[in-house]
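Each chain, written out:
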Amino acid sequence: MSPQDLDRLEALLSAPHLSDSLALDALQGFFCAIASSPVPTPREKWLPAAMGDARFANDEEAAQVTALLERFAEATARQLGEGLGLDLVCYPAEDGEEELAPWCEGFLLGVGLADPAWYDAGEPEDVDELLHPFLLLSGHLKAHAEEEGEPWLEPAEEKAQVEAARRLFYDAIHAAWEWGFEARVNRVPVKREEAKTGRNDPCPCGSGKKYKACHGRD
């Protein structure tokens, strides 16, 4: 996925009739969650979620956008699987730092599409720990506390926790991916029995390589 491809996708999605779709930063977060899901999420499920209430003007536009979204999803999964670092897509906030809230919103949307759910595929405490940075940076934790009338952090403590989450943001992304990869490779049954990954099967990391030539190497 080249910078030109991302620019093209951004231009297409900026059309007024597609304004309800996810922006590029939210899309990358969304696709990171899709790549980290304990069980693969098919395009037929993630595409409507990515587009929201947006409606394509014609078949040609639908084909262009869908193809670019698929490439974005594949490139995101490949970057995570190869462990070479993620080329983060973020827009700067007024203070000059990256605005991570939309990215995290997209990630949490992708988490919500998983079937079985993340909490059904692992220990709740582990999933809580994995999702905490994204819930914090998206503002969901604070909003939930306010809605429930629960006490929230003092400003200084909130600032410290947010800064810590920002520093460890890349680690949090890869921790989530590694957790999902382990669940896919081991095929821990949740709702149904599934066979283990064969050596000639595509690697669950999304690299496009066979499992034996990727994470299944002896």
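Criteria and cut-off values
- Residues numbered from 1 in each chain as written.
- Predicted model: local features only at pLDDT ≥ 70, side-chain atom pairs only at ≥ 80, totals over all residues.
- Heavy atoms only, no water.
- Core = buried A, V, L, I, M, F, W, Y, C linked by side-chain atoms within 4.5 Å.
- Buried < 20%, exposed > 50% of the residue type's maximum accessible area, 1.4 Å probe, protein only.
- Helix = DSSP H or I, 4+ residues; strand = E, 2+ residues; numbered from the N terminus.
- Contact = heavy atoms within 4.5 Å.
- Salt bridge = Lys/Arg side-chain N within 4 Å of Asp/Glu carboxyl O.

1. A look at the nonpolar core
Phase 1: If you look at the biggest cluster of nonpolar residues, it comprises 31 residues, and the most contacted ones within it are W103, F107, W118, F134, F169 and I173.
Phase 2: Breaking this core down by element, the ones donating at least two residues are α2 (24–36), α4 (59–82), α5 (101–112), α6 (118–121), α7 (124–138) and α10 (169–186).
Phase 3: No other element matches α10, which puts eight residues into this core.
Phase 4: Counting residues in each nonpolar core, the second largest holds 24 residues, with L18, M51, L68 and L69 among its members.

2. A look at the environment of W118
Phase 1: Take W118: it is sitting in helix α6.
Phase 2: W118 gets classed as buried once you look at its relative accessible area, which sits at 1%.
Phase 3: Taking the C-alpha atoms as reference points, W118 and S37, separated by 81 residues in sequence, lie 7.2 Å from one another.
Phase 4: Among all residues touching W118, those that are not within four sequence positions of it are A33, S36, S37, P38, F107, V111, V127, L131, A176 and W179.

3. Describing the pattern of salt bridges
Phase 1: Taken as a whole and judged by the stated rule, the model has three salt bridges.
Phase 2: The partner of D5 in a salt bridge is R71, and the shortest N-O contact between them spans 2.6 Å. One end of the pair, D5, is in helix α1 (residues 3–13); the other, R71, is in helix α4, and 66 residues separate them in sequence.
Phase 3: With a relative accessible area of 40%, R71 lands in the partly exposed category.
Phase 4: Ionic pairing is found between E70 and R43, a salt bridge with its closest N-O pair at 2.8 Å. Taken together, the positions of E70 in helix α4 and R43 in helix α3 (residues 43–51) put the pair 27 residues apart, joining distant regions of the chain.
Phase 5: Judged by its relative accessible area of 26%, E70 is partly exposed.

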